[in-house]
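Descriptive structure summary
Each chain, written out:
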Amino acid sequence: MLNDFFKYQAQTSPHPLGVEVSHAKGSYIFDTNNKAYLDFVAGVSATSLGHQHPRVNEAIINQLNKYSHVMVYGEYAQHPATEFCRLLASHLPEKLNKTYLTNSGTEATEGALKLARRVTGRSQLISCYNAYHGNTMGSMSVMGFEERKQVFRPLIPDVDFITFNNEDDLQKITDKTAGIILETIQGGAGFIQPHNDFLKKVRKRCDETGALMILDEIQPGFGRTGKLFGFQNYDVIPDVIIMGKGMAGGMPVGAFTASAEMMDLLSHNPKLGHITTFGGHPVIAAACLATLQEITETDIMAQALEKEKLFRKLLVHPLIEEVRGEGLMLAAMTPSAAITDKVILRCQEKGLILFWLLFEGKAIRITPPLTISKEEITDGCGTIIEVMNEILAEQQNN
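Anyway, here's the lowdown on the structure attached to this text. Remember, predicted model here, so these are calculated numbers, not experimental data. (Residues numbered from 1 in each chain as written. Predicted model: local features only at pLDDT ≥ 70, side-chain atom pairs only at ≥ 80, totals over all residues. Heavy atoms only, no water.)

**Considering the sheet that holds strand 10 (residues 254-258)**
Just so we agree on the cut-off: Here, a strand pair is defined by DSSP locating no fewer than two bridges between the strands. In this text, helices come from DSSP runs of H or I with a minimum length of four residues, and strands from runs of E with a minimum of two, each type numbered from the N-terminal end. To obtain an axis, a line is fitted to C-alpha atoms, over the contacting stretch when the element is a helix, and the angle between two such axes runs from 0 to 180 degrees between their N-to-C directions. It only takes one pair of heavy atoms within 4.5 Å for two residues to be counted as in contact.
The sheet built from 7 strands is open, its strands ordered 4-10-9-8-7-5-6 with mixed pairing. Here the strands that pair on one side only, and so sit at the sheet edges, are strand 4 (98-102) and strand 6 (159-162). Averaged over all pairs of adjacent strands, the angle between their axes in this sheet comes to 20°, without regard to strand direction. Summarising the sheet, strand 8 (residues 212-216) and strand 9 (residues 240-243) pair through 3 bridges and their orientation is parallel. Bridge pairing links Asp216 to Ile242 in strand 9. Here helix 4 (residues 79-90) sits on the sheet and contacts strand 4, strand 9 and strand 10; the angle it forms with strand 4, its principal contact strand, is near 135°.

**Section: a nonpolar patch on the surface**
Short version of the rule: The residues that make up patches have over 30% relative accessible area and no salt bridge, and they are joined within 9 Å when like-charged or within 5 Å when they are Val, Leu, Ile, Met, Phe, Trp or Tyr. Methods summary: accessible areas were calculated by the Shrake-Rupley approach with a probe of 1.4 Å, and residue burial reflects only the protein chains presented. By convention in these notes, a salt bridge is any Lys or Arg side-chain nitrogen within 4 Å of a carboxyl oxygen on Asp or Glu. Only protein chains enter the calculation, and the probe is 1.4 Å; a residue is then buried if its accessible area is under 20% of its type maximum, exposed if over 50%, and partly exposed in between.
A cluster of nonpolar side chains, Met137, Val151 and Phe152, forms an exposed patch at the surface whose accessible area comes to about 320 Å². The class of Val151 is exposed, set by a relative accessible area of 68%.

**Some words on the pairing of strand 3 (residues 36-39)**
With 3 bridges connecting them, strand 2 (residues 28-31) and strand 3 associate as antiparallel partners. By the bridge assignment, Ile29 is partnered in strand 3 with Tyr37. What sits between the antiparallel neighbours strand 2 and strand 3 is a turn of 4 residues, in which Asn34 has the positive phi angle 65°. Relative to strand 13 (residues 352-353), strand 3 runs parallel, the two sharing 2 bridges. Considered in strand 13, the bridge of Asp39 is made with Ile353.

**With respect to the pattern of salt bridges**
Scanning the entire structure with this criterion turns up 19 salt bridges. The partner of Lys200 in a salt bridge is Asp235, and the shortest N-O contact between them spans 3.3 Å. In this pair, Lys200 is assigned in helix 8 (residues 198-209) and Asp235 in the loop between strand 8 and strand 9, connecting sequence segments 35 residues apart. Judged by its relative accessible area of 33%, Lys200 is partly exposed.

Structure, rendered in structure tokens:
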């Protein structure tokens, strides 16, 4: 199978990890030789309830037995999508009450950027250096990493960039700005959290200028930081939130949410202001609903904070300079990208899945399923420390 994987399936990098997957269950992925891999990545924060979660699987099967795709998005009232949007609104601030369901996070970003221009009648968009909001042309336009987008230019015009946590840069937000898009916690840059009420200061500047504040919750969202959404840790309410990844227990989905007053503008002048065929797909929406119910009806979010404490207690080593992030959105920082590469690859050999971040080569991504047990955390961290001890010994012998 691996030969056909390389021959027929387009690759995203020169050196994919190449695990031949047989099945997955709970916190483990199994290869075709039945080797078990403890999953500390969760499909890059997507399988929030672990693999094959019974509540999600049951919802998918039940919906499949009723109906699948029946009409393009927004024409028919379909229970899974409608009920998910209603339940989501009940867990959000009052003005964030209407949701547009998409197929992926990057499509949600595209919709949010269009909404900002539609609401304000302005064109300028502001993002952050080292930001990542997806990889389609609009989303790439607000990616703050020139190396990854230069070859695809020209992108959409009138985009400017600021430095995350730099208050002086907020003066770039003016009465010509349609919206500023920020990750609540910068992901690809190294799981950098906002400091010194930075998000509150962005909110204030947006209020002064009439620009929309768009927060990208694709990675922090759905319980990963101990709250349903990351912004709820920072006492701020954005105008638009973007979501995806963990919202459907591993199924492909995205969404953006704003006030009904704003969202309704996409239906006229022009009508069909944002459209999709498969957004709100009933089977996917059923998975979304089951995932949201599980996260909000249990103590899984509180557990995320307790599990963070365990990670921080166990991940102490001379090759770990710091552990960034919040809840189960963590990055262990090593002294160099070369060491990070060795740790990730050797841990995979020993049956532990870790991964990289997009732009920060020294970071080891640790974003396990929210359902991971404390015993599994202890086992996985033991493997990390074992590998780091090997690397440290090699350094000392050279």
